Amino acid sequence: MTELLSGIEGVVCYFDDILLHTPSTEEHKRLVARVHERLKEVGLQLNNKTCEYFKKEIQFLGYIVSENGVRPDLVKVEAIQKMATPSNVTELRRFLGMINFLGRYLPNLSTIIRPISELLEKEKTWVWGEPQKTAFEKFKNLIGTETENDVNLKSAVHYTISGWPKYKDDVPLAARDMFAVRGELCVVEGILVKGNRIVIPFSMGGKILDRIHDGHLGITKCRERANQCVWWPQISKQIQEMVAACRFCLEKQPSHSTEPLLTTTLPDRPFQMIGVDICEFKGNQNLITVDYYSRYIDIAFLSQITLFAVICKMKMFFAHHGISETVVSDNGRQFVSAEFRKFATDWNFKHVTTSSYYPQANGTRRELYELPKRFLNRKTCSSLC
């Protein structure tokens with residue numbers, strides 16, 4: 001149909017759907033007549049019972065098109081509003097993990113979902129009450145708005161529900177990038193999902209990439225983050241290009257590595273597992289804390305490097321971010337003392353030490369010495385990525 005009506009201004013085709021638009025009624029009449037003529041030349045005739053003429057507003061491809069512009073079809077948005085709610089902590093963690101990287105793009109998301117995320121706090125009884133329900137609905141409205149405004153996703157959702165063409169060339173350009181993974185796609189209450197990962201609208205891609213690269217992680221770690229919850233066509237390639245073009249990473253990356261590091265399995269959520277170490281920088285002693293999940297870095301100045309000072313700083317960290325399940329450190333005297341073991345028991349976290357003779361056994365902890373220096377140096381850099 002697109003090829004048949006090509007060259008006629010004011011005509012938009014999508015398979016057998018035809019949309020005509022003109023600035024005036026007289027021009028519209030002439031355009032309708034011209035389209036009928038072109039179809040008649042090849043032996044086609046429209047079914048007038050399914051046609052709508054001279055409308056000020058019309059539904060087309062999931063959108064409402066009018067003289068005021070294009071807006072989402074509220075019927076489609078309702079599907080997102082019916083998304084199932086988490087029924088236990090496991091489902092809640094999965095849900096929060098999937099939306100983790102949307103925080104910077106969706107306005108006030110952390111505030112909106114706070115009643116939900118609070119259910120993960122230790123000793124918190126599971127109660128899905130009115131505050132949680134309200135927060136959940138607000139989130140669905142936010143992500144639903146972005147999805148409805150993305151033409152690529154709309155096309156992919158359409159084909160995922162109704163069936164994909166047999167050949168890639170038969171798929172419109174808007175959805176062709178997803179043809180190769182069509183067998184992995186499904187629509188969950190109106191939201192396109194690939195496996196357990198939300199397919200992100202094109203308009204959000206850049207900001208999600210920035211979120212993935214928080215902490216200036218390398219290509220592998222960035223891909224691990226993305227694999228947990230988000231996907232779009234060529235995301236792996238875009239992550240590689242983003243990290244390779246990051247000026248800060250290029251300036252601060254090590255010149256060589258004597259031995260490969262053994263990476264640590266990524267935790268399920270932020271601050272579940274942290275690493276701590278004492279680091280000297282420009283004459284000052286600091287307690288460095290790094291979150292294994294997000295690579296969030298906390299740098300606390302130590303006036304003294306005593307056990308008491310270390311425990312005080314860790315208590316302040318736990319007060320802000322919650323008590324971690326696992327704390328990793330070296331065998332420094334502050335961390336192997338009986339008092340620190342009692343601190344771990346009283347505060348209910350597991351303390352794991354790594355050998356100072358084989359630091360490669362924990363690649364994440366080794367970064368404790370490097371990442372803080374990079375970020376402290378970053379404050380004095382005049383040009384960053």
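The structure displayed is predicted, hence computed values, not measured ones. (Residues numbered from 1 in each chain as written. Predicted model: local features only at pLDDT ≥ 70, side-chain atom pairs only at ≥ 80, totals over all residues. Heavy atoms only, no water.)

**Student:** Teacher, can you tell me more about the overall build of the protein here?
**Tutor:** Scanning the protein from N- to C-terminus turns up 15 helices and 14 strands. Buried residues in the protein amount to 40% of all 385 residues. Counting only contacts in the protein whose residues sit at least 6 apart along the sequence, the fraction spanning at least 24 positions is 59%. Of the accessible surface of the protein, which amounts to about 22000 Å², a share of 51% is contributed by carbon and sulfur atoms. (Helix = DSSP H or I, 4+ residues; strand = E, 2+ residues; numbered from the N terminus. Buried < 20%, exposed > 50% of the residue type's maximum accessible area, 1.4 Å probe, protein only. Contact = heavy atoms within 4.5 Å. Areas by Shrake-Rupley, 256 points an atom, 1.4 Å probe, with all protein chains shown as cover.)

**Student:** I keep staring at the confidence of the model for the protein and nothing clicks. Help me out?
**Tutor:** Any region with low pLDDT has predicted coordinates that should not be read closely. Scored by pLDDT, the protein has a mean of 78; 76% of the residues are at 70 or more. Within the model, the stretch residues 76–81 combines pLDDT values under 50 with 17 contacts to residues more than four positions away or in other chains. In this model, residues 357–361 is a region of pLDDT below 50 whose contacts with residues beyond four sequence positions or in other chains number ten contacts. (pLDDT = per-residue confidence, 0-100.)

**Student:** How should I be thinking about the pairing of strand β11 (residues 284–291) in this particular structure?
**Tutor:** Looking along a regular strand, one sees the side chains alternate between the two faces of the sheet. Most of β11 is tucked away: six of the eight residues are buried. Relative to β11, strand β10 (residues 273–281) is paired through eight bridges, and the arrangement is antiparallel. Its bridge partner lying in β11, Ile 278 is registered against Leu 287. Connecting the antiparallel pair β10 and β11 is a turn made up of two residues, with Lys 282 showing a positive phi of about 50°. Sheet topology places β11 next to strand β12 (residues 297–302); six bridges connect them, and they run antiparallel. Directly across from Leu 287, in β12, lies its bridge partner Ala 300. What sits between the antiparallel neighbours β11 and β12 is a turn of five residues, in which Arg 295 has the positive phi angle 65°. (Pairing = 2+ DSSP bridges.)

**Student:** Can you help me understand the nonpolar core in this one?
**Tutor:** Most often, soluble globular proteins keep nonpolar side chains buried together rather than apart. Residues Trp 164, Met 178, Leu 192, Ile 212, Val 230, Ile 235 and Ile 239 are the most contacted members of the largest nonpolar core, which totals 32 residues. Counting only elements with at least two residues in this core, the list comes to α7 (151–162), β7 (191–194), β8 (197–199), α9 (205–212), α10 (219–229), β9 (230–231) and α11 (235–245). Not counting residues within four places of it along the chain, the set of residues in contact with Met 178 comprises Leu 153, Ala 156, Trp 164, Leu 185, Leu 192, Val 199, Trp 231 and Pro 233. (Core = buried A, V, L, I, M, F, W, Y, C linked by side-chain atoms within 4.5 Å.)

**Student:** I'm lost on the pattern of salt bridges in this one. Help?
**Tutor:** Should their charged atoms come close, side chains of opposite charge can pair. Scanning the entire structure with this criterion turns up seven salt bridges. Notably, a salt bridge pairs Lys 55 with Glu 52, separated by 4.0 Å at the nearest N-O pair. Between Arg 211 and Asp 214 there is a salt bridge, with the nearest N and O atoms lying 2.8 Å from each other. (Salt bridge = Lys/Arg side-chain N within 4 Å of Asp/Glu carboxyl O.)

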